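Inside the fold
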Amino acid sequence: MAAAGERPLNEVQFLTVAEVASVMRVSKMTVYRLVHSGHLPAIRVGRSFRVPEQAVHDYLRESYVGVETA
């Protein structure tokens, strides 16, 4: 059973490290660093990682730096 605000696991879309790198316009190594540092949650599938799509969007939203107008 999913907690409030969370989607059931069967509805979660997972992305590969390469797909995350493409969405974020960064290298795969940068994605690996974010995963290993704990900034981007991921699950391990065999020897590779899968990142929940919503986690990528949340990370980008939280990292957004707005430009303030004077």
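An account of the accompanying structure is given in this report.

About the criteria used
- Residues numbered from 1 in each chain as written.
- Predicted model: local features only at pLDDT ≥ 70, side-chain atom pairs only at ≥ 80, totals over all residues.
- Heavy atoms only, no water.
- Helix = DSSP H or I, 4+ residues; strand = E, 2+ residues; numbered from the N terminus.
- Buried < 20%, exposed > 50% of the residue type's maximum accessible area, 1.4 Å probe, protein only.
- Contact = heavy atoms within 4.5 Å.
- Areas by Shrake-Rupley, 256 points an atom, 1.4 Å probe, with all protein chains shown as cover.
- Pairing = 2+ DSSP bridges.
- Core = buried A, V, L, I, M, F, W, Y, C linked by side-chain atoms within 4.5 Å.
- Arc of directions from axis to C-beta.

Focus: the overall build of the protein chain
- Scanning the protein chain from terminus to terminus reveals three helices and three strands.
- Counting every position in the protein chain, which comprises 70 residues, the buried fraction comes to 19%.
- Across the protein chain, every contact between residues at least 6 apart in sequence was considered, and the portion connecting residues at least 24 apart equals 42%.
- Carbon together with sulfur atoms contributes 53% to the accessible area of the protein chain, which is approximately 5600 Å² in total.

Topic: the pairing of strand β3 (residues 48–52)
- A one-sided burial pattern is seen for β3, the buried positions being Phe49 and Val51 and the unburied ones Ser48, Arg50 and Pro52.
- For strand β1 (residues 14–16) and β3, the ladder comprises three bridges, and the chain directions are antiparallel. Bridged to Thr16 within β3 is Arg50.
- Pairing geometry for strand β2 (residues 43–45) and β3, over three bridges, is antiparallel. Along β3, the bridge assignment pairs Arg44 with Phe49.
- Here β2 folds back onto β3, and the loop between the two strands holds two residues, one of which, Gly46, carries a positive phi near 65°.

Considering the nonpolar core
- With 13 residues, the main nonpolar core has Val20, Met24, Val31, Val35, Leu40, Val51 and Val56 as its most contacted residues.
- Sorting the residues of this core by element identifies α1 (17–24), α2 (28–37), β3 and α3 (53–63) as the ones contributing at least two each.
- The element contributing the most residues to this core is α1, with four residues.
- When residues no more than four places from it in sequence are discounted, the contact partners of Val31 are Val17, Val20, Ala21, Val26 and Leu40.

Regarding α2
- Of the positions making up α2, those classed as buried are Val31, Leu34 and Val35. Buried positions in α2, seen along its axis, are confined to an arc of 100° and lie on one side of it. When the buried face of α2 is taken as reference, the exposed residues oriented beyond 90 degrees from it are Arg33 and His36.
- Of the residues flanking the end of α2, it is Gly38, one or two places downstream, whose phi is positive at about 90°.

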